[in-house]
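As a plain string of letters, each chain reads:
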Amino acid sequence: MPDLMMTEIPTGMELLRNPFLNKGTAFTEREREMLGLRGLLPPRVLSMEEQCARVLESVRRKPTDLGKYITLMALYDRTRNLFYRVIEENLEEMMPLIYTPTVGQACKEFSHIFRKAQGLFIAAKKRGRIREILQNWPYKNIRIIVVTDGERILGLGDQGVNGMGIPIGKLCLYTACAGIHPLSCLPVCIDVGTNNEELLSDPLYLGMQNRRPRGQEYDDLMEEFMMAVKDVFPRALLQFEDFGNHNAFRLLENYKDRICCFNDDIQGTAGVAVAGIFSAMRMTSRKLQDQKFLFLGAGEAGTGIGELIVSAMRDQGIPEAQARQHCWFVDSKGLVVKNRENLAEHKLTFAHDHEALPDLLSAVHALKPTAIIGVSGQPRTFTQEILEAMARYNERPLVFALSNPTANSECTAEEAYRWTEGRAVFASGSPFAPVSYNGKTYAPGQGNNVYIFPGVGLGAIASRAGKITKEMFLVAAKILAEQVGEEDYQKGNIYPSLTKIRKVSAVIATAVANVAFERGLAGIPRPDDLATYIRSQMYIPQYPAYIQE
Ligand code: NAD
């Protein structure tokens, strides 16, 4: 247990108030006697299994998802081991509550439902004192930091300091899915203000009530933060989360070689989408080099996926310039082409020589792609006409509707199957219920980043990697695709079942750590048996025995 030594075990109420040590009703008779707990708990001693059943009953009884979220986060504050046991054993039920979509609603309500600090808030007005603020965090052995500035929270836009729910939720997934010890996780929200009028005029809003600064002022603050992290938590991996795309690409570029960091919206999404592509290739016995990808949306997710596809093709011997010709983008102004003016930096390398086209439909007809990938945040943009055209040009069209939440999906699973006569290889960003079409039931998979970032994070921190590379995400994508079984393919699912996530994360972590060792990026000697070493680093949510019976 990092940071908390058994010799420091407090007693009485102080013990019950420490979420990392508290066992609640599971303290044994002898522990109650010896640790000053007599009378502070109801008399009956429960096992952890009985406690899990009580929690599940109380969560399920809440009529709203936000109510369930609040119940779960109250448990998080009281008894972290029990919280993780409940999450881990019921991941499919709990993930939509502790993460998207419910966490989005929780962020919107954050200032109104805030109860207790669960992470660090760094306000821009504290410039010059960020190191000191980081030192206020009570746990010192921090290995993973998830940081946001709240500017582009899920599909909800600028949520300012209310975005804190996202780093907290992401770190819950690191622990539940890859066994990162909860004491090693630090959620951070950088509060530079907000441009959200509703929040600016909400008297209960808890963040700074000024507009967001841009340019040098913002960059200087981030530089101070990044250097303070390096100094105070030198063994930490930092994940950028839900930054606006005008900052996200620049921050990643500035820091990727100086600090062990990555951006999940760009690189994690790329990993899971490319895994889906590899898996679809396996499922349909096709080759990557024969594919042409057409993206709707050329932001963090889209160009991140495009870059990793290029890496995957280069890995297969295709020259970079040629690989880029396999990836085409349509954004809000139409097809991204060379002669368009004022193209953002991240789109330039995907701007090809072609006449301007106004929209996705015209681009599908002109380019005849084998795959369409929706990362635009625009609902119902994979129309019947577009999907029918994809089915006309392809035996098995790849249709990835990755925009979140469900209401923003470019098409539903049902539409994807119906309008392609059941021939689409479909994946979505948000989950869809199984679909019956022409006597067959399809249970398509969710291209959820949770398949990638926990494993990459575990591999990086276990090997003490000095940096996170594109190769690590490519390896993670390949390994993830290999975890998909025939039983998944039978259902039309190109991802493995979420019930296998801890095993999947361990295998990905081993492969990522292997890259760190092979490339000289690791900070420890290579263990003899890397897979066993990785598994030994994974936290298991269970109670320690404080007093031997
Ligand atoms: P972003 O803001 O960086 O990019 C959005 C892009 O969509 C921009 O290029 C914009 O020009 C384009 N766009 C907007 N309206 C359009 C329209 N009408 N037609 C065509 N293009 C349009 O956002 P992002 O981080 O890239 O995220 C985009 C979407 O992808 C979000 O809905 C997000 O939820 C989703 N996403 C899904 C996953 C996943 O499923 N694993 C991961 C990350 C992001």
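See the structure shown above.
Because the structure is a prediction, the values reported are computed rather than measured.

1. With respect to the side chain of arginine 143
Considering the arrangement of structural elements, one finds arginine 143 in the loop between α8 (130–135) and β2 (144–148). Discounting residues that sit within four places of it in the chain, arginine 143 has contacts with Ser184, Arg235, Ala236, Leu237, Ile461 and Arg464.

2. Looking at the pattern of salt bridges
The tally for this structure, following the rule as stated, stands at 37 salt bridges. Glutamate 49 serves as the salt-bridge partner of arginine 85, at 3.3 Å between the closest nitrogen and oxygen. Of this pair, arginine 85 sits in helix α5 (residues 80–89) while glutamate 49 sits in helix α3 (residues 48–61), and the two are 36 residues apart along the sequence. Shared partners join several salt bridges into a network, and the residues in it are Glu307, Arg314, Glu320, Arg324 and Lys470.

3. Some thoughts on the site of the ligand
Neighbouring the ligand are 21 residues, the closest being Arg152, Asn245, Ala301, Gly447 and Asn449. In this structure, an oxygen atom belonging to the ligand sits 2.9 Å away from a main-chain N or O atom of glutamate 300. At 3.4 Å from an oxygen atom of the ligand is found a side-chain nitrogen or oxygen belonging to serine 403. In isolation the ligand exposes 860 Å². Once the protein is present, 82% of that is buried. More than half of the atoms belonging to the ligand lie within 2 Å of the grid points that define the largest pocket. Grouping the amino acids of the shell around the ligand by side-chain chemistry returns five nonpolar, 13 polar and three charged.

4. Considering the packing of α3 against α5
Where α3 meets α5, the axes come as close as 10 Å, and the angle between the chain directions of the two elements is 70 degrees. Relative to α5, the element α3 lies roughly perpendicular. Between α3 and α5, the contacting residues are Met48, Glu49, Gln51, Cys52, Val55 and Leu56 on the first element and Asn81, Leu82, Arg85, Val86 and Glu89 on the second.

5. Quick look at helix α7 (residues 102–113)
Compared with the 16 Å implied by 1.5 Å per residue over twelve residues, the 14 Å span of α7 between its first and last C-alpha is markedly short. Within α7, the full set of buried residues consists of Thr102, Val103, Gly104, Ala106, Cys107, Phe110 and Ser111. As for α7, its buried residues are in contact with α4 (65–78), α6 (91–98), β1 (120–123) and α9 (165–178).

6. Remarks on a nonpolar patch on the surface
Among the surface-exposed residues, Phe114, Phe121 and Leu206 lie close enough to one another that they form a single nonpolar patch of about 250 Å² accessible area. Since its relative accessible area comes to 48%, leucine 206 is described here as partly exposed.

7. Remarks on the packing of aromatic side chains
On inspection of all chains with the given rule, the structure shows 17 aromatic pairs. Summarising the aromatic geometry, the rings of tyrosine 174 and phenylalanine 453 are spaced 4.9 Å apart at their centres and angled 65 degrees between planes, so their arrangement reads as edge-to-face. Note that tyrosine 174 is positioned in helix α9 and phenylalanine 453 in helix α20 (residues 453–462), a separation of 279 residues in sequence. The burial state of tyrosine 174 is the same as that of phenylalanine 453; both residues are buried. On the numbers, 4.4 Å between centres and 10 degrees between planes, the contact of phenylalanine 295 with phenylalanine 329 is stacked. Taken as a pair, phenylalanine 295 in strand β6 (residues 293–296) and phenylalanine 329 in strand β7 (residues 327–331) lie far apart in primary sequence, 34 residues in all. By relative accessible area, phenylalanine 295 is classed as buried at 0%.

8. Concerning the environment of histidine 354
Position of histidine 354 relative to the elements: it lies in the loop between α16 (345–348) and α17 (360–367). A C-alpha to C-alpha distance of 7.2 Å links histidine 354 and lysine 338, two positions 16 residues apart in sequence. With residues up to four places along the chain from it excluded, the contact list for histidine 354 reads Trp328, Leu335, Val337, Asn339, Ala366 and Leu367.

9. Examining the sheet that holds strand β4 (residues 237–240)
Paired through backbone hydrogen bonds, the strands of a sheet run either parallel or antiparallel to each other. Spatially, β1-β3-β2-β4-β5 is the arrangement adopted by the five strands of the open sheet, whose pairing is parallel. On the outer flanks of this sheet lie β1 and β5 (261–263), each paired with one strand and no other. Shown here is a sheet whose adjacent strand axes are inclined to one another by a mean of 20 degrees, direction ignored. By the bridge criterion, four bridges tie β1 to strand β3 (residues 185–191) in an arrangement that is parallel. Each bridged residue has a counterpart across the sheet, and for leucine 120 the counterpart in β3 is valine 188.

10. Points about the sheet that holds strand β10 (residues 398–401)
With respect to topology, seven strands assemble into an open sheet ordered β8-β7-β6-β9-β10-β11-β14, the strand pairing being mixed. Lying at the two open borders of the sheet, with one neighbouring strand each, are β8 (334–335) and β14 (445–446). With four bridges connecting them, β10 and strand β11 (residues 425–428) associate as parallel partners. Each residue of the ladder has a partner; that of valine 399, found in β11, is phenylalanine 426. Sheet contacts for helix α14 (residues 300–315): β6, β7 and β9 (371–374); angle to β6, the most-contacted strand, approximately 165 degrees.

11. Some words on the environment of lysine 62
Note on placement: lysine 62 falls in the loop between α3 and α4. As for lysine 62 and valine 364, which are separated by 302 residues in sequence, their C-alpha atoms are 46 Å apart. Among all residues touching lysine 62, those that are not within four sequence positions of it are Gly67, Lys68 and Thr71.

12. Overview of helix α18 (residues 384–393)
When we look at burial in α18, the residues that qualify are Ile386, Leu387, Ala389, Met390 and Ala391. Those residues of α18 hidden inside the fold are in contact with α17, β9, β10 and α19 (413–418).

13. Here we look at the pairing of β7
Most of β7 sits inside the fold, with five of its five residues counted as buried. Because side chains alternate across β7, one face comprises the buried residues Cys327, Phe329 and Asp331, and the other comprises Trp328 and Val330, equally buried. As judged from the four bridges shared by β6 and β7, these two strands associate in the parallel manner. Paired with leucine 296 across the two strands is valine 330, which belongs to β7.

14. Let's talk about unusual backbone geometry
Peptide bonds are, in most cases, trans, and in most cases residues other than glycine have a negative phi. Geometrically, the link from threonine 100 to proline 101 is a cis peptide bond, its omega value of 10 degrees lying close to zero. Along the chain, proline 101 turns up in the loop between α6 and α7. Here the amide bond leading from asparagine 404 into proline 405 is cis, since omega sits at -10 degrees, within 30 degrees of zero. Following the sequence through the fold, proline 405 ends up in the loop between β10 and α19. Unusually for a residue other than glycine, arginine 380 sits at a positive phi of about 55 degrees. With respect to the helices and strands, arginine 380 occurs in the loop between β9 and α18. In this structure, glutamate 421 is a non-glycine residue whose phi angle is positive, near 55 degrees. The exposure class assigned to glutamate 421 is exposed, which follows from its relative accessible area of 52%.

About the thresholds
Residues numbered from 1 in each chain as written. Predicted model: local features only at pLDDT ≥ 70, side-chain atom pairs only at ≥ 80, totals over all residues. Heavy atoms only, no water. Helix = DSSP H or I, 4+ residues; strand = E, 2+ residues; numbered from the N terminus. Contact = heavy atoms within 4.5 Å. Salt bridge = Lys/Arg side-chain N within 4 Å of Asp/Glu carboxyl O. Near = heavy atom within 4 Å. Polar contact = N/O pair within 3.5 Å; in protein donor to acceptor, adjacent residues only side chain to side chain. Areas by Shrake-Rupley, 256 points an atom, 1.4 Å probe, with all protein chains shown as cover. 1 Å grid on protein atoms, 1.4 Å probe; cavity = no way out; pocket = protein on both sides within 12 Å on 5 of 7 lines; lining within 4 Å. Sits in = over half its atoms within 2 Å of the grid points. Nonpolar A, V, L, I, M, F, W, Y, C, P; charged D, E, K, R; others polar. Axes fitted to C-alpha atoms, helices over the stretch in contact; angles between N-to-C directions. Parallel < 35°, antiparallel > 145°, perpendicular 65-115°, else oblique. Expected span 1.5 Å × (residues − 1). Buried < 20%, exposed > 50% of the residue type's maximum accessible area, 1.4 Å probe, protein only. Patch = residues over 30% accessible without salt bridge, like charges linked within 9 Å, V, L, I, M, F, W, Y side chains within 5 Å. Phe/Tyr/Trp six-rings, centres within 6.5 Å; stacked < 30°, edge-to-face > 60°. Pairing = 2+ DSSP bridges.

Scope: geometric values only; no functional claims are made or implied.
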